[in-house]
Amino acid sequence: MYDAIVIGAGPSGSSMALALCGQGRAVAIIERSEFPRRKVCGEFMSAVNLELLDRLGAGAAIRAKAGPEVRRVALFASGPGIDAGMPRAAGDAFGRALGRDVLDGILLDAARNAGADVFQPCRAVKIISDGENATVRISGKDDERVLVAPVVIAAHGSWEQGKLPTNLPKSSAPHDLFGFKAHFKGASLARDLMPLLVFPGGYGGMVWTDQDRMSLSCCIRRDVLARLREQSGALSAGQAVHAHIVASCPGAGSAIGSAALDGEWLAAGPIRPGIRPRFADDIFRVGNIAGESHPIIAEGISMALQSGWLLATELARFDRWDREARVAAGSRYSKAWNRQFATRIRTAAVLARIAVLPQSAAAMRAFVSWFPESLAIGARLSGKTKALPVLR
Ligand SMILES: Cc1cc2nc3c(=O)[nH]c(=O)nc-3n(C[C@H](O)[C@H](O)[C@H](O)COP(=O)(O)OP(=O)(O)OC[C@H]3O[C@@H](n4cnc5c(N)ncnc54)[C@H](O)[C@@H]3O)c2cc1C
């Protein structure tokens, strides 16, 4: 019997568990993968999150490992790159990147040290609610168990299929985007620069992360990927995407031209951008499963960390988490979530739609050379400097 069961130990789940432990609640967190594990993600974290991580007690460990400050943004499209200053946030002025194999481990360890019971590797396979408490069935390597709590929080992301009531239904369309990511050693990219890459059928980003690794992540349309794979014969999907980026995006090509891959290309998806219910069927949602922005703005980790904190703050108003308290917290959390994230999700959707249009690399480059400040405006609209709200 717990106060809360959190499903998934990505940044949303572990930070949520950490915040609830800080309130003295009994928390279980369930994660299906063994750590450390790499993940499709560009790994950039906006500056405002560092202050939040300090409040959760994990800021120092993360600062000690993260890559250099990102002080400039750029567009790498069909010609030479164009760059502009990254807008400064209050406090830590600039964001930094940290490998997900490192970040997710630090956060989960912090939750464990704060008192959370960690069930890993274990998959949540069923949630049943009787109106007072919910029962979550979890399946480990050799056993099944049942955990009970009044509060259940889905933090399991949005890219995997499953049978939980919070998993998204399967869908497939030619314009679906698949995510890819690789680390490189020895890349030639300025250490304070985070370029947006635009290439036929997709977009991506590059940034220096920890351990002198540079992360390259991108999204590419399902139909374009199928065509590339047909043309590239024996290449894996990741290798075909790599060759396509080098051939069509000169800035990215020169950054990774003589760099060495560090590990394999990873793939995930299709990604499922959009705004979804934050509380439904008596289950709270945080991170990607509550709502997801196109990765073009690199704000998913921010939204994961901050949504967990917003929900924990709303739940803290109640001593007992009975049904009435859950409904009230769910309603307030949904509104706070909208105020914090809706604009950046819509901004990202518009940018992503433009980026994947045919010929958009040349058109975006022409626009940004004429108006370089648009890069900083885009970074601001995407929430890079938006502080956490004071909730009353
Ligand atoms: C190409 C690409 C690049 C990106 N780049 C950036 C970037 O630079 N910066 C940024 O901020 N965001 C970026 N993002 C977005 C970011 O990766 C996500 O928004 C973020 O990972 C969401 O965190 P989460 O905690 O909600 O979910 P996740 O990180 O997906 O974590 C969910 C966890 O739940 C576990 N799980 C799933 N199902 C179950 C189950 N049934 N039982 C138990 N455990 C389960 C999974 O194993 C996983 O560990 C990018 C995304 C893509 C696709």
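Residues numbered from 1 in each chain as written. Predicted model: local features only at pLDDT ≥ 70, side-chain atom pairs only at ≥ 80, totals over all residues. Heavy atoms only, no water.

(A) Summary view of the nonpolar core. Core analysis: the biggest nonpolar cluster contains 52 residues, and M16, L20, I62, I153 and L315 have the highest contact counts within it. Secondary-structure elements contributing two or more residues to this core are strand 1 (4–7), helix 1 (11–22), strand 2 (27–30), helix 2 (48–55), helix 4 (100–113), strand 11 (151–154), helix 8 (300–315) and helix 9 (323–355). No other element matches helix 8, which puts 8 residues into this core. Other than its neighbours up to four places away in sequence, M16 contacts V6, I153, V286, G308, L311, A312 and L315. (Core = buried A, V, L, I, M, F, W, Y, C linked by side-chain atoms within 4.5 Å. Buried < 20%, exposed > 50% of the residue type's maximum accessible area, 1.4 Å probe, protein only. Helix = DSSP H or I, 4+ residues; strand = E, 2+ residues; numbered from the N terminus. Contact = heavy atoms within 4.5 Å.)

(B) Main features of the packing of aromatic side chains. Using the criterion set out here, one finds 7 aromatic pairs in the structure. Ring centres of F367 and W370 lie 5.7 Å apart, and the angle between their planes is 55°; on these two criteria the pair is classed as tilted. Linking F367 with W370, this pair stays in helix 10 (residues 360–370), spanning 3 residues, or about one helical turn. The exposure class of W370 is exposed, given its relative accessible area of 67%. One aromatic cluster in this structure is built from F367, W370 and F371. (Phe/Tyr/Trp six-rings, centres within 6.5 Å; stacked < 30°, edge-to-face > 60°.)

(C) Expanded view of the site of the ligand. Residues in close proximity to the ligand total 39 residues, the closest being E31, G42, R100, N288 and I301. R37 is positioned such that a nitrogen or oxygen atom in its side chain is 2.9 Å from an oxygen atom of the ligand. In this structure, a nitrogen atom belonging to the ligand sits 2.8 Å away from a main-chain N or O atom of F44. Looking at the shell around the ligand, the elements that each hand over two or more residues are helix 1, strand 8 (123–129), strand 15 (213–221) and helix 8. Of all the elements, helix 8 adds the most residues to the shell around the ligand, at 4 residues. Of the residues belonging to the shell around the ligand, the class tally is 18 nonpolar, 12 polar and 9 charged. (Near = heavy atom within 4 Å. Polar contact = N/O pair within 3.5 Å; in protein donor to acceptor, adjacent residues only side chain to side chain. Nonpolar A, V, L, I, M, F, W, Y, C, P; charged D, E, K, R; others polar.)

(D) Layout of the state of the cysteines. Evaluation of the coordinates by the stated rule reveals 0 disulfides. The thiol of C122 is unpaired, and the distance to the nearest cysteine sulfur, on C21, comes to 17 Å. In this structure C219 is not part of a disulfide, and its nearest cysteine sulfur, from C218, lies 6.8 Å away. Its relative accessible area of 3% is what places C219 among the buried residues. (Disulfide = S-S within 2.5 Å.)

(E) Broad picture of helix 11 (residues 374–381). Along helix 11, the positions that sit buried rather than exposed are S374, L375, A376 and A379. Contacts made by the buried residues of helix 11 are with strand 4 (72–76), strand 5 (82–85) and helix 10. Looking at the residues trailing helix 11, positive phi occurs at G383, about 95°.

(F) Up close: a nonpolar patch on the surface. A surface patch of nonpolar side chains, about 530 Å² in accessible area, is lined by F367, W370, F371, I377 and L381. If you list the elements that add at least two residues to the nonpolar patch, you get helix 10 and helix 11. (Patch = residues over 30% accessible without salt bridge, like charges linked within 9 Å, V, L, I, M, F, W, Y side chains within 5 Å. Areas by Shrake-Rupley, 256 points an atom, 1.4 Å probe, with all protein chains shown as cover. Salt bridge = Lys/Arg side-chain N within 4 Å of Asp/Glu carboxyl O.)

(G) Quick peek at the pairing of strand 13 (residues 193–199). In terms of burial, strand 13 is a largely internal element, 7 of the 7 residues being buried. Neither face of strand 13 is open: one carries L193, P195, L197 and F199, the other M194, L196 and V198, and all of them are buried. Sheet analysis places strand 13 next to strand 14 (residues 202–208), joined by 4 bridges and oriented antiparallel. Its bridge partner being in strand 14, L196 is matched across the sheet by G205. (Pairing = 2+ DSSP bridges.)

(H) Region of the structure containing the UniProt feature "domain: FAD-binding" (unreviewed entry) in the protein chain. The feature "domain: FAD-binding" (unreviewed entry), as given by UniProt, occupies residues 2–159 in the numbering adopted here. With 26% helix and 30% strand, the stretch residues 2–159 has end C-alpha atoms that lie 27 Å from each other. (UniProt positions renumbered as here; feature names shortened; annotations may be inferred.)

(I) Local environment of the packing of helix 1 against helix 4. Relative to each other, helix 1 and helix 4 sit at 20°, their axes nearing to 8 Å. What the angle tells us is that helix 1 and helix 4 run roughly parallel. Pair helix 1 / helix 4 crosses with left-handed handedness. The residues of helix 4 that touch helix 1, namely those facing P11, S14, A17, L18 and C21, are R100, D104, L107, L108, A110 and A111. Looking at the contact of helix 1 with helix 4, its residues break down into 8 nonpolar, 1 polar and 2 charged. (Axes fitted to C-alpha atoms, helices over the stretch in contact; angles between N-to-C directions. Parallel < 35°, antiparallel > 145°, perpendicular 65-115°, else oblique. Left-handed = near helix turned anticlockwise from the far one by under 90°.)

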